[in-house]
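Observations on the three-dimensional arrangement
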Amino acid sequence: MKQQTVTLDATDRAIINDLQGGFPLSEEPFADAARDLGIDGHELMVRIDRMLKNGALSRFGPMYHAEKMGGGLTLAAIKVPEDDFENIAGIVNEFAEVAHNYARDHALNMWFVIATETPERVDEVISEIEVATGLKVHNMPKIDEFFVGLRFEA
Amino acid sequence: MELNEQEKLLVSVIADGLPLVPRPFAEIGRFVSMDEDAVIRSLSNMVAGGIIKRFGLIVRHHELGYRANAMTVWDIPDDRVADIGRSFGQADCVTLCYRRPRRLPDWPYNLFCMVHGREREAVLEQIEQLARSMGLEDAPRDVLFSGRRFKQRGAHYDATPETLERTA
């Protein structure tokens, strides 16, 4: 896990700010996207490659909609005794369906996403985590989605 | 929107990312026995149909200096939560906004907003402004900053958790 802030120049920042929301679906998308940025397609590829390697970018590609893909997705939380936190985190993270596990400041102090291949599997994974940890897992699926921008100004 | 077998294969092949070559969709097409045009058309349909929420660069916000990642939660009366959720969603500082079930007694909150910033103090000030803008200074709320990040990826599935939305 890299925690340091990476160094980006003005062109890198412009690339991030421009291409988070979308990438051209065209025959020569790098050349097309680069034109607006004042560079050529080759330089755009080189810079994206570098930012994937230095950790500024996690991926370059599609972000899928879990439910429309036929999968299940939820947010879950556990109240973990402080002195057992590392141990429980290890058990929870063993589950392939668990992603984005964060410690947070609250009595419910462990928060993670569960993403499964089928909607039914969410409840099974929750039960399995409860058995493996001996702790109650609170399931908090979204009821309504008001906004999903999730863009970061670089 | 139902995907056919070829599209499912396409979804799986591009899940890890687009190849960094001048004609990436032609390259992808070679793996899935589709021509470049068909790949582009199929991906465009998936974006239009919402199966692909976004197609582009996905950043690591910590590495960009966004260290203050605040899950801001509110207990809003059920008959007002949709209106307030939509308004919060308009605010520049809010990156995600969802309604979720309360889990009493442990969890009384039903509206979740993610606010990301570089400094905690600035994020707390933005949240205060958000509350004031809606007259919600007195509404029960809590701000849960993230501490350690234990897991950012898990891979097992055509669309891996990593390729899905960040916060369900």
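In this report, we go over the structure that sits alongside the text. Sequence order as written defines residue numbering, which begins from 1 separately in each chain. Chains and ligands are labelled by the order in which they are written, letters from A for the one and numbers from 1 for the other. Given that the model is predicted, a residue must reach a pLDDT of at least 70 before its local features are reported, and side-chain atom pairs must reach 80 or more before they are shown or counted; all residues, however, enter totals for whole chains, interfaces and linings. The side-chain figures draw on all heavy atoms in the structure; neither hydrogens nor water molecules are used.

Along chain A, the regular secondary structure elements total five helices and six strands. Comment: elements are numbered from the N terminus, with helices defined as DSSP H or I runs of at least four residues and strands as E runs of at least two. In sequence order, chain A lays out its α and β elements as α-α-α-β-β-α-β-β-α-β-β. Buried residues are those whose accessible area, probed at 1.4 Å on protein chains only, stays under 20% of the maximum for their type, while exposed residues exceed 50% and partly exposed ones sit between those limits. Put simply, chain A has 154 residues, and 54% of those count as buried. Any pair of residues with heavy atoms lying within 4.5 Å of one another is described as a contacting pair. Within chain A, contacts between residues at least 6 apart in sequence are counted, and of these 62% link residues at least 24 apart.

Here the amide bond leading from L104(B) into P105(B) is cis, since omega sits at 0°, within 30 degrees of zero. With respect to the helices and strands, the residue P105(B) is situated in the loop between β3 (94-99) and β4 (111-117). For H100(A), which is not a glycine, the phi torsion comes out positive at approximately 50°. Residue placement: H100(A) occurs in strand β3 (residues 98-104). When its relative accessible area of 4% is taken as the criterion, H100(A) is described as buried. A positive phi angle is found at S33(B), which is not glycine, with a value near 55°.

Attention now moves to the packing of helix α1 (residues 10-19) of chain A against helix α3 (residues 41-54) of chain A. Residues and elements named next belong to chain A. Here the axes come from fitting lines to C-alpha atoms, over the contacting stretch only for helices, and the angles between their N-to-C directions go from 0 to 180 degrees. In contact at an axis separation of 11 Å, α1 and α3 are set at 90° when each is read in the N-to-C sense. When the axes of α1 and α3 are compared, the pair comes out roughly perpendicular. Contacts from T11, D12, I15, I16 and L19 in α1 reach L44, R47, I48, R50 and M51 in α3. Polar here means any residue other than Ala, Val, Leu, Ile, Met, Phe, Trp, Tyr, Cys and Pro, which are nonpolar, and Asp, Glu, Lys and Arg, which are charged; Gly is therefore polar. A per-class count over the contact of α1 with α3 returns six nonpolar, one polar and three charged. Roughly parallel covers angles under 35 degrees, roughly antiparallel covers those over 145, roughly perpendicular covers 65 to 115, and oblique covers all other angles.

So, on to the packing of helix α1 (residues 5-14) of chain B against helix α3 (residues 36-48) of chain B. Residue and element names in this part refer to chain B. Where α1 meets α3, the closest approach of the two axes is 11 Å, and the angle between their N-to-C directions is 85°. When the interaxial angle is binned, α1 and α3 end up roughly perpendicular. Each of E7, L10, V11 and I14 in α1 lies in contact with α3, whose residues at this interface are V39, S42, L43 and M46. Residue composition of the contact of α1 with α3, by class: six nonpolar, one polar and one charged.

Here we take up the nonpolar core. Among buried residues, those of type Ala, Val, Leu, Ile, Met, Phe, Trp, Tyr and Cys that are joined through side-chain atoms within 4.5 Å constitute a nonpolar core. Counting 42 residues, the largest nonpolar core has I15(A), L44(A) and L10(B) as the members making the most contacts within it. Elements with a contribution of two residues or more to this core: α1, α2 (29-37), α3 and β1 (57-64) of chain A together with α1, α2 (24-32), α3 and β1 (52-59) of chain B. Per-element accounting of this core gives the leading share, five residues, to α3(B). With near-sequence residues (within four places) excluded, L44(A) lies in contact with I15(A), L19(A), F30(A), A33(A), A34(A), L37(A) and I39(A). In this structure, A70(B), V81(B), I84(B) and F88(B) belong to the second largest nonpolar core, which totals 23 residues.

Turning our attention to helix α4 (residues 81-90) of chain B. Because an α-helix packs 3.6 residues into every turn, residues spaced three or four apart end up facing the same way. Three or more residues of α4(B) are buried, namely V81(B), I84(B), G85(B), F88(B) and G89(B). With its buried residues spanning 140° around the axis, α4(B) presents them on a single face. Directions pointing from the helix axis toward each C-beta atom define the arc.

To continue, consider the pattern of salt bridges. By definition, a salt bridge exists where a carboxyl oxygen of Asp or Glu is found within 4 Å of a side-chain nitrogen of Lys or Arg. Within this structure, the stated rule accounts for 26 salt bridges over all chains. With its nearest N and O atoms 3.9 Å apart, the salt bridge here joins R120(B) to D105(A). Taken as a pair, R120(B) in helix α5 (residues 120-133) and D105(A) in the loop between β3 and β4 (110-116) lie in two separate chains rather than in one. Residue class for R120(B) comes out partly exposed when judged on its relative accessible area of 41%. Notably, a salt bridge pairs R121(A) with E124(A), separated by 3.0 Å at the nearest N-O pair. Taken together, the residues span about one helical turn, with R121(A) and E124(A) both in helix α5 (residues 120-133) at a distance of three residues. You can call R121(A) partly exposed: its relative accessible area is 21%.

On their own, these measurements won't tell you what the molecule is for.
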